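Residues per chain are reported as follows:
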Amino acid sequence: MDFILRVKTGFFEKTAYRLEAGEEGLRLIPVQAEGAEPIVFAQEEILSVTLAQRKSPELEIQTRDAVYTGALGEGVAFEEAADYLKERLKTKIICEYKGGK
């Protein structure tokens, strides 16, 4: 499953990245963004990942140096994103949701 994450990259600017999670950590690969570089987080750099249930699920990646926030693309279910992250990452994952599964 491809997860597209629109990361806040400026005051009113968001850049689309493809989210890939694995044993080595997280990778954000730019999707049709001129000049954007891939962002790679090693497993040990990630302090926590927060997934919040909103109109579109929101994702926050907290590292030692910065916090990255964004919204997952349309059609991505909150539960699907939560399962994807918890199966692949060995870090603290915080899920904020109202009711549901």
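The model shown is predicted, which means the values in this text are computed figures rather than measured ones.

K.L.:
Would you explain the overall build of the protein in this entry?
P.N.:
Per the secondary structure count, the protein includes one helix and eight strands. Its C-alpha atoms give the protein a radius of gyration of 13 Å, within 12% of the compact-globule value 13 Å for 101 residues. In terms of overall dimensions, the protein has C-alpha extents of about 40 × 30 × 25 Å along its principal axes. The burial tally for the protein puts 39% of its 101 residues in the buried class. Looking at the protein alone, contacts between residues at least 24 apart form 38% of all its contacts between residues at least 6 apart. Of the roughly 6,500 Å² of accessible surface on the protein, a fraction of 46% belongs to carbon and sulfur atoms. Side-chain charges in the protein split into 14 positive and 18 negative, and the spacing between the mean points of these groups amounts to 6 Å.

K.L.:
Help me out: how do you make sense of the side chain of Thr91 in this one?
P.N.:
Counting through the fold element by element, Thr91 comes out in the loop between α1 (78-88) and β8 (92-96). For Thr91, a relative accessible area of 18% corresponds to the buried category. Engagement of the side chain of Thr91 in a polar contact is seen with the backbone oxygen of Ile46, the distance being 3.2 Å. Ignoring anything within four residues of it in the chain, the contact list for Thr91 reads Gln43, Ile46, Leu47, Ser48 and Val49.

K.L.:
Would you take a moment to explain α1 for this structure?
P.N.:
Those residues of α1 lying buried are Phe78, Ala81, Ala82, Tyr84 and Leu85. For α1, the angular spread of buried residues about the axis comes to 160°, placing them on one side. Turned more than 90 degrees from where α1 packs its buried face, Lys86 and Glu87 sit exposed.

K.L.:
So what exactly am I meant to see when it comes to the side chain of Gln43 here?
P.N.:
Looking at the secondary structure, you find Gln43 in the loop between β4 (39-42) and β5 (46-52). The exposure class of Gln43 is buried, given its relative accessible area of 12%. Only 3.1 Å separates the side chain of Gln43 from the backbone oxygen of Lys90, close enough to count as a polar contact. The residues touching Gln43, leaving out its near neighbours within four places in the chain, are Gly22, Glu23, Glu24, Gly25, Leu89, Lys90 and Thr91.

K.L.:
Hey, could you run me through the packing of aromatic side chains in this one?
P.N.:
Following the criterion strictly, the structure yields four aromatic pairs and no others. Ring geometry for Phe11 and Phe12: centres 4.6 Å apart, planes at 85°, overall edge-to-face. The class for Phe11 is exposed, based on a relative accessible area of 70%. With a relative accessible area of 79%, Phe12 lands in the exposed category.

K.L.:
What exactly am I supposed to notice about the sheet that holds strand β3 (residues 25-30) here?
P.N.:
Strands pair in a sheet through their backbones, by hydrogen bonds, and they do so in one of two ways: parallel or antiparallel. Taken together, eight strands build an open sheet; the order of strands is β4-β3-β2-β1-β7-β6-β5-β8 and the sheet is mixed. Bordering the open sheet on either side are β4 and β8, each of which pairs with just one other strand. On average, each strand axis in the sheet is tilted by 25° relative to the strand beside it, whichever way the strands run. Strand direction decides the pairing type here: strand β2 (residues 14-22) and β3, joined by six bridges, are antiparallel. Among the inter-strand pairings, Glu20 is bridged to a residue of β3, identified as Arg27. Set on the sheet, α1 makes contact with β1 (3-8), β2, β3, β5, β6 (58-63), β7 (67-72) and β8; between it and β2 the angle comes to about 50°.

Calculation criteria
Residues numbered from 1 in each chain as written. Predicted model: local features only at pLDDT ≥ 70, side-chain atom pairs only at ≥ 80, totals over all residues. Heavy atoms only, no water. Helix = DSSP H or I, 4+ residues; strand = E, 2+ residues; numbered from the N terminus. Rg over C-alpha atoms; globule rule 2.2 N^0.38 Å. Buried < 20%, exposed > 50% of the residue type's maximum accessible area, 1.4 Å probe, protein only. Contact = heavy atoms within 4.5 Å. Areas by Shrake-Rupley, 256 points an atom, 1.4 Å probe, with all protein chains shown as cover. Lys, Arg positive; Asp, Glu negative; His and termini not counted. Charge placed at Lys NZ, Arg CZ, Asp CG, Glu CD. Polar contact = N/O pair within 3.5 Å; in protein donor to acceptor, adjacent residues only side chain to side chain. Arc of directions from axis to C-beta. Phe/Tyr/Trp six-rings, centres within 6.5 Å; stacked < 30°, edge-to-face > 60°. Pairing = 2+ DSSP bridges. Axes fitted to C-alpha atoms, helices over the stretch in contact; angles between N-to-C directions.

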